[in-house]
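Spelled out from the first residue to the last, the chains are:
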Amino acid sequence: KKVNMQLIPIEVPENYEIILWGDNQEGNIAQSRDGVKACIDYIMAAPNRYCVHMGDALEAFWIEDKRYQQETCLEPPLEQMKMFKKTIEPLVKEGRMLTLLLGNHELRFINRAGNITKFMCEEIQKETARKFPLYGTYSSKLEFNDPKGLQWKLYVTHGRKSINSVSPDPGRRRAYQEFILQRHLESIFGDCLVMAKGHAHKLLVKRPMPALYLTSNKGKILQNYTKAGSGTTKDFYIPPENRWYACTASFLKSFELGVSTYSEMAEYAPTELGYIKIVVGDRDVQDVIEVKV
């Protein structure tokens with residue numbers, strides 16, 4: 001089935017935080033429930049904290065999937081949906097969940113039994129009378145506005161491609177992963193100050209790289225640095241090197257005592273568990289932070 005994207009206008013204050021989290025794969029025994037709880041508790045601990053779920057909320061594997069294991073998959077998909085819906089109840093009740101993306105795990109479920117993510121979001125919609133749809137499809141573009149006008153834009157997608165490097169040097173490995181992350185996202189939209197993806201189970205932020213340039217005025221040579229535009233109609237294009245890029249990690253452990261996970265058997269390296277925090281102050285993105293749990 002065709003999977004479209006969403007354009008979502010959001011009303012926000014001048015100072016707030018956006019938490020990007022996902023890939024928790026409810027129903028998998030290796031899920032870090034403590035990590036998920038810590039993330040939700042953080043969002044709920046202050047009034048101006050909102051979140052986007054980046055997809056793969058559910059394990060959602062059918063028994064014929066090569067990654068399905070009876071010993072690691074605790075519940076069938078519909079039970080997983082009920083469990084996750086209960087987990088995010090405080091977020092949706094208080095209007096903290098801005099959108100919820102479809103992940104590749106749920107996407108595989110569509111051709112067999114329908115769009116479980118969309119169904120869950122529509123049920124939540126009825127219960128909470130939200131002003132805008134919760135279901136964000138596979139990708140969404142969010143526009144943050146206040147009474148003064150448009151602040152900035154965020155592009156989020158669950159993602160499909162991996163972010164890997166075979167370099168034995170940690171510094172080179174990190175630099176190459178940042179390079180790959182930017183290449184995956186930079187060509188999609190030209191007016192988004194922050195662009196983020198999930199799926200790759202990497203906790204990664206690539207910061208803007210301001211470049212030095214000189215100008216002259218009144219007989220003096222002045223030093224300046226490039227900076228991002230706002231993505232508004234007057235200043236819509238943001239050069240790729242002036243944007244923030246993020247990969248939002250996961251809450252799925254590679255190893256679990258007493259069972260063999262498919263990550264372990266595939267010889268995947270251990271992954272950092274966590275989420276991304278976008279800090280907005282004075283209507284502008286001040287920082288994008290990797291948060292480990």
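Residues numbered from 1 in each chain as written. Predicted model: local features only at pLDDT ≥ 70, side-chain atom pairs only at ≥ 80, totals over all residues. Heavy atoms only, no water.

Colleague: Break down the state of the cysteines for me, with residues and values.
Modeller: As enumerated under the stated definition, the model contains 0 disulfides in all. Of all cysteine sulfurs in the structure, the one in Cys39 sits closest to Cys51, which takes part in no disulfide; the separation is 7.0 Å. Its relative accessible area of 0% is what places Cys51 among the buried residues. Lacking any disulfide linkage, Cys192 is separated from the closest cysteine sulfur, that of Cys247, by 17 Å. Residue Cys192 is classed as buried on the basis of its relative accessible area of 0%. (Disulfide = S-S within 2.5 Å. Buried < 20%, exposed > 50% of the residue type's maximum accessible area, 1.4 Å probe, protein only.)

Colleague: Break down the environment of Phe251 for me, citing the residues and quoting the values.
Modeller: Examined against the element boundaries, Phe251 turns out to sit in the loop between strand 11 (244–248) and helix 7 (262–265). Linking Phe251 and Glu26, residues 225 residues apart in sequence, is a C-alpha distance of 9.5 Å. (Helix = DSSP H or I, 4+ residues; strand = E, 2+ residues; numbered from the N terminus.)

Colleague: Tell me what's going on with the packing of aromatic side chains, and back it up with residues and numbers.
Modeller: For any pair of aromatic rings, geometry is given as the distance between the ring centres together with the angle between the planes. All chains considered together, the criterion is met by 8 aromatic pairs. When the centroid spacing of 6.0 Å and the interplanar angle of 85 degrees are considered together, the rings of Trp21 and Phe251 count as edge-to-face. Residue Trp21 is found in strand 2 (residues 16–21), and its partner Phe251 is found in the loop between strand 11 and helix 7; the two are separated by 230 residues along the sequence. Each member of the pair, Trp21 as well as Phe251, carries the same accessibility label: buried. (Phe/Tyr/Trp six-rings, centres within 6.5 Å; stacked < 30°, edge-to-face > 60°.)

Colleague: Could you give an account of the sheet that holds strand 13 (residues 284–292), naming the residues involved and the relevant values?
Modeller: Taking strand neighbours across the sheet as the criterion, the 5 strands line up as 4-3-2-12-13 in an open arrangement whose pairing is mixed. Two strands in the sheet have a free side with no partner beyond their single neighbour: strand 4 (97–100) and strand 13. Averaged over all pairs of adjacent strands, the angle between their axes in this sheet comes to 15 degrees, without regard to strand direction. With 8 bridges joining them, strand 12 (residues 274–281) and strand 13 adopt antiparallel strand pairing. Paired with Val279 across the bridge in strand 13 is Asp287. (Pairing = 2+ DSSP bridges. Axes fitted to C-alpha atoms, helices over the stretch in contact; angles between N-to-C directions.)

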